[in-house]
Amino acid sequence: MINAEQKLAEYFDKLMHFAKNDSKMPEDSILLAGAMMAASRVIFYEHLDAKEAQKLFDQGGLDLIELVKPTIH
């Protein structure tokens, strides 16, 4: 059986592979990240209570902002 950390790493690798092969321009990558965040929000709210879901979404948003900040001109 695959543990949660291995499963998460596999999902991450698949998403990064998709992003690398599908995104033709930097803007595509940013839009894809936004779509992934929107999907994560829907999934979080479907499977967690509202407080837990919001906490995870907030942290993910902060992580994305920190990642994207250097690229914003």
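Source: prediction; values computed, not measured.

### Some details on the overall build of the chain
Counting secondary structure elements, the chain contains three helices and zero strands. Starting at the N terminus and ending at the C terminus, the chain contains elements arranged as α-α-α. By residue count, 10% of the 73 residues in the chain fall in the buried class. Carbon together with sulfur atoms contributes 66% to the accessible area of the chain, which is approximately 6400 Å² in total.

### A look at the confidence of the model for the chain
Mean pLDDT over the chain: 81, with 81% of residues reaching 70 or higher. The weakest mean pLDDT in the chain belongs to helix α3 (residues 50–68) at 74; the strongest belongs to helix α1 (residues 4–22) at 88.

### Notes on the side chain of Ser23
Among the secondary structure elements, Ser23 is positioned in the loop between α1 and α2 (26–47). Judged by its relative accessible area of 15%, Ser23 is buried. Among the polar contacts made by the side chain of Ser23, one reaches the side chain of Ser29 at a distance of 3.4 Å. Apart from the residues lying within four places of it in its own chain, the contact partners of Ser23 are Phe18, Asp28, Ser29 and Leu32.

The rules behind each value
- Residues numbered from 1 in each chain as written.
- Predicted model: local features only at pLDDT ≥ 70, side-chain atom pairs only at ≥ 80, totals over all residues.
- Heavy atoms only, no water.
- Helix = DSSP H or I, 4+ residues; strand = E, 2+ residues; numbered from the N terminus.
- Buried < 20%, exposed > 50% of the residue type's maximum accessible area, 1.4 Å probe, protein only.
- Areas by Shrake-Rupley, 256 points an atom, 1.4 Å probe, with all protein chains shown as cover.
- pLDDT = per-residue confidence, 0-100.
- Polar contact = N/O pair within 3.5 Å; in protein donor to acceptor, adjacent residues only side chain to side chain.
- Contact = heavy atoms within 4.5 Å.

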